[in-house]
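One-letter residues, chain by chain:
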Amino acid sequence: MYFHGGGYVSGSPPDRYLALAAGVALAANARVHVVDYRLAPETPFPGAFDDCLAAYRWLISDGRTDPRTLAVLGDSAGGNLAVAVTVAARDQHLQLPASVAIISPFADLTFSGASIEQRKDMDPYVSHELLESMAADYMGDSDRNDPRSSVVFADLHGLPPLFILVGENEILYDDATRIRDRASAAGVEVTFESWRYGIHVWPVYVSAGLPESAIAIEHLAAFLRAHAHHG
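Quick notes on the rules
The residue numbers shown here count from 1 along each chain, following its written sequence. Thresholds applied to this predicted model are a pLDDT of at least 70 for local features of residues and 80 or more for the giving and counting of side-chain atom pairs; totals over whole chains, interfaces and linings are not thresholded and use all residues. Hydrogens are left out, water is left out, and the side-chain values use all remaining heavy atoms of the structure. We call a set of buried residues a nonpolar core when its members are Ala, Val, Leu, Ile, Met, Phe, Trp, Tyr or Cys and they connect through side-chain atoms within 4.5 Å of each other. Burial status follows relative accessibility: with a 1.4 Å probe on protein chains alone, a residue under 20% of its type maximum counts as buried, one over 50% as exposed, and anything between as partly exposed. Numbering of helices and strands starts at the N terminus; helices are DSSP runs of H or I of at least 4 residues and strands are runs of E of at least 2. Residue contacts follow a heavy-atom distance rule, with two residues in contact if any of their heavy atoms lie within 4.5 Å. A residue counts toward a patch only above 30% relative accessible area and without a salt bridge, and it is joined to like-charged neighbours within 9 Å or, for Val, Leu, Ile, Met, Phe, Trp and Tyr, to nonpolar neighbours within 5 Å. Only the protein chains shown count as cover for residues, and the accessible areas themselves come from Shrake-Rupley with a 1.4 Å probe. A carboxyl oxygen of Asp or Glu within 4 Å of a side-chain nitrogen of Lys or Arg is what we treat as a salt bridge. Whenever a helix is involved, its axis is fitted only over the stretch in contact; in every case the axis is a line through C-alpha atoms, and angles between N-to-C directions fall within 0 to 180 degrees. Angle categories are assigned with fixed cut-offs, so that under 35 degrees is roughly parallel, over 145 is roughly antiparallel, 65 to 115 is roughly perpendicular, and the rest are oblique. Left-handed describes a crossing whose near helix is turned anticlockwise from the far helix by less than a right angle; the clockwise case is right-handed. Ten residue types, Ala, Val, Leu, Ile, Met, Phe, Trp, Tyr, Cys and Pro, are classed as nonpolar, four, Asp, Glu, Lys and Arg, as charged, and the remainder, Gly among them, as polar. As used in this structure description, the phrase polar contact means that two N or O atoms lie within 3.5 Å; if the pair is within protein, one of them must be able to donate a hydrogen and the other to accept it, and residues adjacent in sequence are counted only when both atoms belong to side chains.

On to the nonpolar core. Formed by 55 residues in total, the largest nonpolar core has its most connected members in F3, Y56, V83, Y138, L156, L162 and I179. Residue assignment for this core shows that the elements contributing at least two residues are α2 (47-60), α3 (77-91), β4 (99-103), α5 (128-139), β5 (162-167) and α6 (173-185). At 9 residues, the largest contribution of residues to this core is made by α3. The contact partners of V83, leaving out residues within four places of it in the chain, are V100, I102, V151, L156, L159 and L162. One finds V24, F163, A216 and I217 within the second-largest nonpolar core, a separate group that totals 23 residues.

And the structure:
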């Protein structure tokens, strides 16, 4: 199950992400369900979260998918959604997926991570101003500390194995490291890959023939395959 990025304001229909979603699915020998959730500002918080949780609930019930074979994957805002939906599934006593994988998570709408300033000159296209615009459209007057929108503040105990992929040229770098640290402290099995020169969601460029995108997708797929339980 794949939740796309786009800062809650773009990416639907998720056509530009299909190469990424399909690439991971093909490499993992899996079927992929790409969720076309509602976007801000027309549908503000918690619309995207509600849609993704509803899609997860449907997939493991009416969709008749065995959660033991299910992975939840997301990039950027979708990375936040992937973790937040899994936390909600735990709290609502739904069966959990076998694994969760996130790419370049956009997971702190309070922008309290040091990398927002420290890495701003390294990031080729994500800026604080762009992120603020997206956050304002999505959150409106809602509390940006809400763990559904800023999963760096969530309680992550009891989650399935987690794979985090992030590039070292990202202003959102600390969103990834803080999820890693909170998950590890909560006893979650975490695999963390920090790529030198990596930019925001670089696996999405697999359709352009970028070798590093293809390699990253192979790493993601290997993780998903390793944690799927069949039978």
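Having seen the model, we can carry on.
Quick look at a nonpolar patch on the surface now. Nonpolar side chains collect at one region of the surface, where Y125, Y205 and L210 lie side by side and expose about 250 Å² of accessible area between them. If you trace the backbone, L210 turns up in the loop between β6 (190-195) and α7 (211-227). The exposure class of L210 is partly exposed, given its relative accessible area of 33%.

A few words now on helix α1 (residues 18-28). Along α1, the residues classified as buried are L20, A21, G23, V24, A25, A27 and A28. Lining the buried residues of α1 we find β1 (2-3), β2 (34-35), β3 (71-75), β4 and α7. Looking at the residues trailing α1, positive phi occurs at N29, about 55°.

Two elements in contact, α2 and α3, have axes whose closest approach is 10 Å; the angle formed by their N-to-C orientations is 60°. Classed by the angle they form, the pair α2 and α3 counts as oblique. Viewed along their axes, α2 and α3 form a crossing whose handedness is right-handed. Here A48, F49, C52, L53 and Y56 of α2 come into contact with α3, specifically with L81, A84, V85, A88 and A89. Looking at the contact of α2 with α3 residue by residue, the class counts come to 10 nonpolar, no polar and no charged.

Among the secondary structure elements, S149 is positioned in the loop between α5 and β5. Look past the residues within four positions of S149 in its chain and what remains in contact with it is Y8, F45, N80, A107, L109, Y138, M139, D143 and R144.

By the secondary structure assignment, W195 is in strand β6. Spatially, the C-alpha atom of W195 lies 7.7 Å from that of L165, the residues being 30 residues apart in sequence. Setting aside anything within four residues of it in sequence, one finds W195 in contact with L165, V166, G167, E168, W202, E212, I215, A216 and H219.

Turning our eyes to something else, we now look at the side chain of H4. Checked against the element boundaries, H4 lands in the loop between β1 and α1. In this structure the side chain of H4 is engaged in a polar contact, spanning 3.4 Å, whose partner is the backbone oxygen of G11. If we ignore the near neighbours within four places in the chain, the residues touching H4 are S10, G11, S12, P14, Y17, V35, Y37, L39, D75, A77 and G78.

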